[in-house]
Amino acid sequence: MTHSPVWHPFTQHAVEPEPTLILRTEGAYLEASDGRRILDAISSWWVTTHGHRYPPIMAAIREASERLDQLIFAGFTHQPAEALARELVALAPPNLTRVFYSDSGSTAVEVALKMALGTARARGEGRTRIVVMEHSYHGDTIGTMSVGARGVFNAAYEPFLFEVDRVGVPVAGREQEVLDAFEAIARQRRAAAFILEPLVLGSGGMLMYSPAVLRELARIARETGTLFIADEVMTGWGRTGSLFACDQADVAPDILCTSKGLTGGAIPLAATLASEEIFEAHYSQDRARTFFHSSSYTANPIACAAGLANVKVWREEPVAQRIAALCAAQSEHMSRFEGDPRFENVRSCGTIAALDLKVPVGGYLAEVGPKLRAFFLERGFLVRPLGNVLYVMPPYCVTAAELEALYGAINEAAERFGSAR
Ligand SMILES: *Cc1c(COP(=O)(O)O)cnc(C)c1O
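Residues numbered from 1 in each chain as written. Predicted model: local features only at pLDDT ≥ 70, side-chain atom pairs only at ≥ 80, totals over all residues. Heavy atoms only, no water.

Notes on the domain arrangement of the chain
Part 1: Domain boundaries in the chain define domain 1 (57–316) and domain 2 (318–417).
Part 2: Each of domain 1 and domain 2 has a C-alpha centre, and the two are 27 Å apart.
Part 3: With 19 residues of domain 1 at the contact, the number on the domain 2 side is 19 residues.
Part 4: Of the roughly 1500 Å² buried at the junction of domain 1 and domain 2 (both faces included), carbon and sulfur atoms supply 73%.
Part 5: In terms of surface lost to domain 2, no three residues of domain 1 exceed Met206, Met208 and Arg239, which account for 44% of the buried area on that side.
Part 6: Our enumeration of links across domain 1 and domain 2 arrives at 0 salt bridges.
Part 7: Our count for the domain 1 to domain 2 interface comes out at 6 residue pairs in polar contact (both at pLDDT 80 or more).
Part 8: Secondary structure elements with two or more residues in the side of domain 1 that touches domain 2: strand E9 (207–208) and helix H10 (301–316).
Part 9: At 3 residues, H10 tops the list of elements feeding residues into the side of domain 1 that touches domain 2.
Part 10: Its residues placed into classes, the side of domain 1 that touches domain 2 shows 11 nonpolar, 6 polar and 2 charged. (Domains from an automatic or database assignment. Contact = heavy atoms within 4.5 Å. Buried area = accessible area lost by both parts, 1.4 Å probe. Salt bridge = Lys/Arg side-chain N within 4 Å of Asp/Glu carboxyl O. Polar contact = N/O pair within 3.5 Å; in protein donor to acceptor, adjacent residues only side chain to side chain. Helix = DSSP H or I, 4+ residues; strand = E, 2+ residues; numbered from the N terminus. Nonpolar A, V, L, I, M, F, W, Y, C, P; charged D, E, K, R; others polar.)

What about the sheet that holds strand E16 (residues 389–392)?
Part 1: One open sheet accounts for 3 strands, arranged E13-E14-E16; its pairing is antiparallel. The sheet is open, and its two borders are formed by strand E13 (343–349) and E16, each paired with just one other strand. Geometrically, the sheet is characterised by an average inter-axis angle of 15° between neighbouring strands, direction not taken into account.
Part 2: Pairing of strand E14 (residues 352–357) with E16, which is carried by 4 bridges, proceeds in the antiparallel orientation. Paired with Ala354 across the strands is Tyr391, a residue of E16. (Pairing = 2+ DSSP bridges. Axes fitted to C-alpha atoms, helices over the stretch in contact; angles between N-to-C directions.)

Following this line, the structure appears as structure tokens:
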């Protein structure tokens, strides 16, 4: 039994090893107390974009903290929040004109759902259902679990989650089936909104689908008056190759959620962007129509300054080129595993690459998961498979040589733990 009082997330303390103590982070690395340097191949759960402690972002945090700390955001405002909101509106897909701040991906999604349901209520069409994709993940609060996949993670809470309508994931070969299923549901006009992870379903196992299907789903939503919510918490800030995944499909969602990479991964912040129609549905002389939502740390000024510095990095540094190089390297490494009998579903989308290791029993709790984690850690890599799904989602500063070494370790892991030879 550990002596630390800390209860870690997604951690079974009874069976997992003691956590590694990290003293310092820099670039693509975590530096442990025993002197080891660990390559962060999953961007610390998908938040770190440019690299750990990216200098301009850390400088902005230092500078902002000389003037401001948390301050009430109702009845008051501040320059970092105002400037960042303008930037987000300018950078995000078209028609998103309003920015609501919160502090995590889950809260960004809760806000999106409440905005959509509030809008539906204001329009008085009796739309009360939410449509979601199977295998989706939108957070760990009760509301966000309700719109996410059901499974071992939320079995205990299942009776308390609200009901939703589900369509499949439109992976290659299932596109038309999913479009037809969504169209059938949407035509009944009972759905207030469709929430989805555009192009890549992260926690569900790095499942990928094409921009063309995303565009079709958005078209059906528009034609049937179903609000379209893009949860870009993971896919935003370059992960799929473009700034937002929706950009690749020319999709203009009604609501967009962003968090993880919003501050480059340095400090918590989230934003829910909404169209003018959504804002107007809540805009009234009637104070009962106020959007009743806040979290204490809404629009934290230091976090907003970090977000603003991140935007500046995107505007002034060759981030797009770095990402393009990483995307090319990822698909190149993946192509070597194409047709390899040890793997299935070899795939990549932008900076994200994934493959399923063939094992006797797969799934999230696959025996092989913790073994793989330990295997990679021993070799100096932070890799955290989703069951038997191995994926690589590094910060954009990772070098070609580091990737080469990492893929070498993946090859070795497959020799050791794969069931097919
Ligand atoms: C991580 C994630 C969330 C939840 O974000 P938190 O900051 O962990 O609450 C929501 N949606 C998607 C798609 C995510 O990947």
